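Coordinate analysis (summary)
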Amino acid sequence: GGDGSLSGADVFRREWPELLTELVHRGEIEPRLAEAHPHLQIVGLVGSIDNDMFGTDMTIGADTALHRIVNAIDAIASTADSHHRTFVIEVMGRHCGYLALMSGLATGANWVLIPECPPDAEDWQLHLCDRLQASWKAGRRHGIVVVAEGACDAEGRPLTSADVKTAIESRIGGDTRVTILGHVQRGGAPSAFDRNLATALGYTAVQHLLSHPPESEPQLVGLLENRVVTSPLMACVEKTRAVGAALESRDFARALSLRGPSFAEAWGHMSTLLRASPPDAKGKGRRRRLAILHHGGPAPGMNTAVRAAVRLAISSGFEVLGIHNGFDGLREGHVEDMDWMSVHGWVGRGGAELGTSRNPVEDRHLGEIAQRLGELEIEGLLLIGGWEGYWGARSVHAASHRHPEFEIPIACLPATIDNNLPGTEYSVGADTALNGIVGCVDRIKQSAVATRRCFIVEVMGGDCGYLAWASGLATGAERVYIPEEGISLEALREDVEQLGSDFRSGKRLGLVVRAERAESIYTTDFISRLFEKEGGDDFDVRQSVLGHLQEGGEPSPYDRIQATRLVAHAVSFLEEQTAREAHVAAAVGVLRGRVAFTPLERLSDLVDSDKQRPREQPWLSSRSVSAAMSSRPGGQ
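An account of the accompanying structure is given in this report.

What counts, and where the lines are drawn
- Each chain carries its own residue numbering, running from 1 in the direction its sequence is written.
- Reporting of local features is limited, given that this is a predicted model, to residues whose pLDDT is at least 70; pairs of side-chain atoms are given and counted only at 80 or more, and all residues count toward the totals for whole chains, interfaces and linings.
- Only heavy atoms go into the side-chain values, all of them from the structure, while hydrogens and water stay out.
- Runs of E in the DSSP output that reach at least two residues are strands. Runs of H or I that reach at least four are helices, and both are numbered from the N terminus.
- To get the radius of gyration, use the C-alpha atoms; to get the globule rule, take the number of residues to the power 0.38 and multiply by 2.2 Å.
- Note on exposure labels: buried denotes an accessible area under 20% of the residue type's maximum, exposed denotes more than 50%, and partly exposed covers the range between, all computed with a 1.4 Å probe on protein chains only.
- By definition in these notes, contact holds between two residues if any of their heavy atoms fall within 4.5 Å.
- Areas reported here follow the Shrake-Rupley algorithm with a probe of radius 1.4 Å; residue values treat only the protein chains shown as occluding.
- The charge count treats Lys and Arg as positive and Asp and Glu as negative. His and the chain ends do not count.
- Working definition for charges: the position is that of NZ of Lys, CZ of Arg, CG of Asp or CD of Glu.
- By definition, two strands form a pair when at least two bridges between them are found by DSSP.
- All axes here are fitted lines through C-alpha atoms, helices being fitted over the stretch that makes contact, and every angle between N-to-C directions spans 0 to 180 degrees.
- A pair of Phe, Tyr and Trp rings is counted when the ring centres sit within 6.5 Å of each other, with Trp represented by its six-membered ring. The angle between the planes then sorts it: under 30 degrees is stacked, over 60 is edge-to-face, the rest tilted.
- Computed over the protein atoms alone on a 1 Å grid, cavities are sets of points where a 1.4 Å probe fits but cannot get out and pockets are open sets with protein on both sides within 12 Å along at least five of seven lines; a residue lines them when it has an atom within 4 Å of a point.
- Grid points are joined across faces, edges and corners, and a volume is the space filled by probe spheres set on the points.
- Note on definitions: salt bridges are taken to be side-chain nitrogens of Lys or Arg within 4 Å of carboxyl oxygens of Asp or Glu.
- In this scheme, a helix's expected span is set at 1.5 Å multiplied by one less than its residue total.
- Oblique is the label for any angle not covered by the other classes, which are roughly parallel (under 35 degrees), roughly antiparallel (over 145) and roughly perpendicular (65 to 115).
- Left-handed describes a crossing in which the near helix is turned anticlockwise from the far one by less than a right angle; the clockwise case is right-handed.
- Amino acids are sorted into nonpolar (Ala, Val, Leu, Ile, Met, Phe, Trp, Tyr, Cys and Pro), charged (Asp, Glu, Lys and Arg) and polar (every other residue, Gly among them).

Moving on: the overall build of the protein chain. Helix and strand counts for the protein chain come out as 20 helices and 18 strands. Its C-alpha atoms give the protein chain a radius of gyration of 27 Å, near enough to 26 Å, the size a compact globule of 636 residues would have. C-alpha atoms of the protein chain, sized along the principal axes, occupy 85 × 65 × 45 Å. For the protein chain, buried positions account for 54% of its 636 residues. The contacts of the protein chain with a sequence gap of at least 6 include a subset with a gap of at least 24, amounting to 77%. Taken as a whole, the protein chain presents about 26,700 Å² of accessible surface, with 49% of it coming from carbon and sulfur. Each charge class in the protein chain can be summarised by its mean position, and for the 64 positive and 84 negative side chains these summaries are 2 Å apart.

In C-alpha cells:
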C-alpha cells in the first residue's frame, strides 16, 4: 500500500504486545500463544500509481497507470488532430505530478500542470494561450494540456481541468474538451514492468522475513538504482510526508528537489520539448552541424529519440542533419535538413522514419564515409541503434588517424529490443518488445482454457536471453531456455516429466519460453515434437514463434521516457565535446539507474568474444527469483 497503509501497519506492530496482553486478559487466546508470538514483523511494499514514495524509484502500479494514460492521450490526440481541437486531460496525482509529467513527456503535450511546479507566470492563462496559439501557427493541428488533479498556482490555489478549459475558451475561443481519465488509470492488466517489479519485491520481502528476527526494524522493499534494496520503513514514510509539507507551505522548490534529480531533469526536458519553436540559439556565429542516424535492427522508440535529439540539439545551437538508412545512407548522401517541426508527431510513432541498416561498416567504406562527413561539414555524430551501429561507430572512431574527418565527437545511444549492448543495463525498445510478448502470451494462455495444453513460445533476443527471461517471469512460464544457460537433453527430460506430472495432477496449461538462440540443436520445433511425443495422453503441445511483431508497435511509455532522458545527456555530451580540441567517442547508457558514458574503445573489453552480448548482465542475478517461481522440483 501507500504511506498511510504502511504507517498503520507500523502502529499495529508497536501495539502488538499490548494487544496480546489484552487478548490474554479477556481469555480470547491462551498465554502460550502470546508467548510464542511476542512480535509482529513488518515488511512493506509500495503499491501506488502515483510513484510518490521514498525508498523506491518506482512503485508497484505506476508503470501500468502510465500505460493507460499514454494510450488514452494517443487516442485522444488522433481525434483532436482531425477536428482541430484542444483537449484538457486530467490525470490522477493529488500530491504528486509524476503521472502528469511523464505522460506529458511521453505524448508531446503542449502544457503540463503539476503540484510541484506551478506556472511561474503571474497570468498563467495568458502564457498558456500564447503557447497554444504559437503551436497552431507552427503547423500543429491540435492542443493537449495535461493536468494533475492536485495542480495549483503559485499561491497554492487549485487549478482544475475546468479552469484550464475556461481560460482557453475565454481568451482564444476554439473547441476545447475535457477528459477526466479517473479510475481507468488504476485498472486493467499490469504491464510487464509492474509484473516483474512486484514479483522481485515480493520475493525479497519473503527472504527478508525468513532471514531476520521478528523484532527487527520494519523495512520497506523497493527498487533503487535498478537494484532491489531494503530501507527503514518509517524513515521512508517521514521523507515522503516531507514533500507534502513542502507543498502545503508552498515551498515548491524544496518539493521538486525532494522528488529527486530524475524528476527535476524530466521537467526540464519537457519544458524545452513542448515549445512550439526553438529558443534563441546559444552563442553567436556559425552554428555547428550535428548528424543523426540509425544503424542496427529497428527498435520501438527510435523516432522518439530522434524527435528529442533534433529539438534539444537545435536548442543547444546545432544545425541538425538527418541521415537516412544508417552509414549506408551517409555514404550515398541520403541526407536531409531537420528543423523543429520536421519531427512533429514522432514522439509515439513506431518504426524508424530515418530508416536503418544492419550492414557492417567495412574498412573499404571508411574513405567514402570520411569524404561525405567532410563535404557536409559534420562536427558531431549521434548514432541511435544496436550492435552493428556500435561497432560501426567504433570503426569510424578508430580510423581517425587515417581520416581527419573522423576527428569528431560521437555519441552512441542504445536502441535494440535485444537489450544486449555493453555499457548499459537498458536499451530503448526492449520494454516495448517485452510488453508485446507478454500481451501475445496472455492471449495464447487464454486460448488453452478448454484443453490440457503446453505452449512453446519462441522470442527474439539474439545471443542475449533477456527477453525470454523477462517475459517468462512476467507470464508465469514453467521453464525458460536462454543462451546464457543453454539446453541439455537431461534438462528436457526433467521438464517433460515434470509437465506430465503436473497435468496428471489437474494442471490445464503449461508454458515454456525459448530464446531464439538458446541452443542450435534443440530448436523450438524439436522441443515441441519431443514434448508432444512424451506428453502422450497427458497434454498436447503447440508452438508459437512470435517473430518480427516484437520489433514493431508504438513505443511504450518507459521507452519514450528513457529515450528522451538518454538523448538529453547525449546532446549535452556532444555540445561539450565540440567545444574541445580533443574529441571523445562514447556510448551513453544506464548503469545502476544512473546515466553513464563508456568510451567506444572499451567496448570490446565488455563483451563475450564469441557472442553478441555483454560479459556482465545484471538481470542474470535475478534468476533466483525465476527459479523460486518455477514449478520444477527444488525451484530449478
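The next point concerns the sheet that holds strand β17 (residues 585-591). Pairing is mixed in the open sheet, where 7 strands are placed in the order β10-β9-β8-β11-β12-β17-β18. A strand with exactly one partner marks an edge of an open sheet, and here the two such strands are β10 (335-338) and β18 (594-599). The mean angle between the axes of side-by-side strands here comes to 25°, regardless of whether they run parallel or antiparallel. Where strand β12 (residues 410-414) meets β17, 3 bridges bridge the pair, whose relative direction is parallel.

Counted by the stated rule, this structure contains 10 aromatic pairs. With a centroid separation of 5.6 Å and 75° between ring planes, the pair formed by Phe12 and Trp16 is classed as edge-to-face. Separated by 4 residues within a single helix, Phe12 and Trp16 lie in helix α1 (residues 3-25), roughly one turn from each other. Exposure remark for Phe12: the relative accessible area of 42% places this residue in the partly exposed category. Trp16 gets classed as buried once you look at its relative accessible area, which sits at 18%.

Inspection of the entire model under this criterion finds 2 cavities of 30 Å³ or more. The space that makes up the second largest cavity amounts to roughly 40 Å³. In terms of lining, the second largest cavity is formed by Gly104, Leu105, Gly108, Ala109, Met270, Leu273, Leu274 and Arg307. For the lining of the second largest cavity, the secondary-structure elements that each account for two or more residues are α4 (98-107) and α10 (261-273).

Bringing the pattern of salt bridges into the picture now. Counted according to the given criterion, the structure contains 39 salt bridges. Note that Glu425 and Arg227 form a salt bridge whose closest N and O atoms lie 3.0 Å from each other. Here Glu425 is found in the loop between β12 and α15 (430-446), whereas its partner Arg227 is found in strand β7 (residues 227-232), with 198 residues between them in sequence. Judged by relative accessible area, which is 15%, Glu425 ranks as buried. Between Arg529 and Asp525 there is a salt bridge, and its shortest N-O distance comes to 2.8 Å. Remark: Asp525 and Arg529 occur in helix α18 (residues 524-535); sequence separation between them is 4 residues, near one turn of the helix. Here the salt bridges do not stand alone but share partners, grouping Asp10, Arg13 and Arg14 into one network.

In this model helix α6 (residues 161-172) runs 17 Å from its N-terminal to its C-terminal C-alpha over 12 residues, within 8% of the 16 Å that 1.5 Å per residue would give. At the exit of α6 stands Gly173, carrying a positive phi of roughly 70°.

Turning to the environment of Thr21, a few remarks are in order. Tracing the backbone through its elements, the reader meets Thr21 in helix α1. It is 59 Å that separates the C-alpha atoms of Thr21 and Trp124, two residues lying 103 residues apart in sequence.

Two elements in contact, α1 and helix α8 (residues 233-248), have axes whose closest approach is 10 Å; the angle formed by their N-to-C orientations is 140°. One element, α1, and the other, α8, form an angle in the oblique class. Crossing geometry of α1 relative to α8 is assigned as left-handed. Counting all contacts with α1, which are made through Asp3, Leu6, Ser7 and Asp10, the residues of α8 involved are Leu233, Met234, Val237, Thr240 and Arg241. Of the residues that constitute the contact of α1 with α8, the class distribution is 4 nonpolar, 2 polar and 3 charged.

Extensive coverage of α4 is indicated by the burial of 10 of its 10 residues. Along α4, the residues that are buried comprise Tyr98, Leu99, Ala100, Leu101, Met102, Ser103, Gly104, Leu105, Ala106 and Thr107. A positive backbone phi angle near 70° is found at Gly108, which sits one or two residues after α4.

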